[in-house]
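Inside the fold
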Amino acid sequence: NAGVMQNPRHLVRRRGQEARLRCSPMKGHSHVYWYRQLPEEGLKFMVYLQKENIIDESGMPKERFSAEFPKEGPSILRIQQVVRGDSAAYFCASSPLAGDARGEQYFGPGTRLTVT
Amino acid sequence: GENVEQHPSTLSVQEGDSAVIKCTYSDSASNYFPWYKQELGKRPQLIIDIRSNVGEKKDQRIAVTLNKTAKHFSLHITETQPEDSAVYFCAASTPGSQGNLIFGKGTKLSVKP
């Protein structure tokens, strides 16, 4: 059973470009969470999605950031017009259970975004 | 909303000694408390978790204790080994929060051989 997959592992973008980060959850998991980790800091929740639905986006900046989890294919976190402050590691985690059932979350390897 | 504080931020122990990391949380409704280990450049890995209906849980050299009254939980690692060196994160989840985890800022554990 493959774990959570993320790609690309490393992404370099110039200021003003768009970044697209992909996350494929573990087989059988239909709940995806995105977290951002700044250097030397903990993980900050961004958004929680189920297939075709955004359930909670309270941690995601309202501008430039968007997320989706289509019926087919991976979940995508999109950052438009990136700025240097967006440089961070972005992790997704998947869970087999709905949020309130307190399912364990399993993390992917992360995408390290560098904005130059 | 929930807030999780983690101490210490760095911890250095000799191989074979025990290590204890403590976290406090603010929302008394929180009921799920996982611990993650993150090695440099790697993904966070779930090492142990505890739910609010349990006071203690053990898995080999790792144990977690929960004090609901005081709103704190701790990670205990016994007989530490150099490969235990990593950053450890505690987290808490609250009913109604859709399961998203609120993380502490991490503890960098160094085990000296």
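These numbers were taken from a predicted model, which means no experiment stands behind them.

1. Observations regarding the overall build of chain A
Assigned secondary structure in chain A consists of zero helices and eleven strands. Seen in sequence order, chain A has helices and strands lined up from the N terminus as β-β-β-β-β-β-β-β-β-β-β. The C-alpha atoms of chain A give 13 Å as radius of gyration, which agrees with the globular expectation for 116 residues (13 Å, within 12%). Along the first, second and third principal axes, the C-alpha set of chain A runs to 40 × 30 × 25 Å. Burial analysis of chain A (116 residues in total) assigns 45% to the buried set. Considering only contacts in chain A between residues 6 or more positions apart, those separated by 24 or more positions represent 53%. Split by element, the accessible area of chain A, about 5,800 Å² in all, is 46% carbon and sulfur. Averaging the coordinates of the 17 positive side-chain charges in chain A and doing the same for the 12 negative ones gives two points 7 Å apart.

2. Considering the state of the cysteines
Under the criterion given, the structure shown has two disulfides over all chains. The disulfide bridge from Cys23(A) ends at Cys92(A), spanning 1.9 Å between sulfur atoms. The S-S bond linking Cys23(A) to Cys92(A) shows a torsion near 75°; that makes this disulfide right-handed. Taken as a pair, Cys23(A) in strand E3 (residues 19-24) and Cys92(A) in strand E9 (residues 88-95) lie far apart in primary sequence, 69 residues in all. Accessibility expressed as a relative area gives 0% for Cys23(A), which makes it buried. For Cys92(A), a relative accessible area of 0% corresponds to the buried category. Covalent S-S linkage joins Cys23(B) and Cys90(B), the inter-sulfur distance amounting to 1.9 Å. One disulfide, between Cys23(B) and Cys90(B), carries an S-S torsion of -100° and so falls in the left-handed class. Taken together, the residues Cys23(B) in strand E3 (residues 19-25) and Cys90(B) in strand E9 (residues 86-92) connect sequence positions 67 residues apart.

Reading the values: rules and limits
- Residues numbered from 1 in each chain as written.
- Chains lettered and ligands numbered in written order.
- Predicted model: local features only at pLDDT ≥ 70, side-chain atom pairs only at ≥ 80, totals over all residues.
- Heavy atoms only, no water.
- Helix = DSSP H or I, 4+ residues; strand = E, 2+ residues; numbered from the N terminus.
- Rg over C-alpha atoms; globule rule 2.2 N^0.38 Å.
- Buried < 20%, exposed > 50% of the residue type's maximum accessible area, 1.4 Å probe, protein only.
- Contact = heavy atoms within 4.5 Å.
- Areas by Shrake-Rupley, 256 points an atom, 1.4 Å probe, with all protein chains shown as cover.
- Lys, Arg positive; Asp, Glu negative; His and termini not counted.
- Charge placed at Lys NZ, Arg CZ, Asp CG, Glu CD.
- Disulfide = S-S within 2.5 Å.

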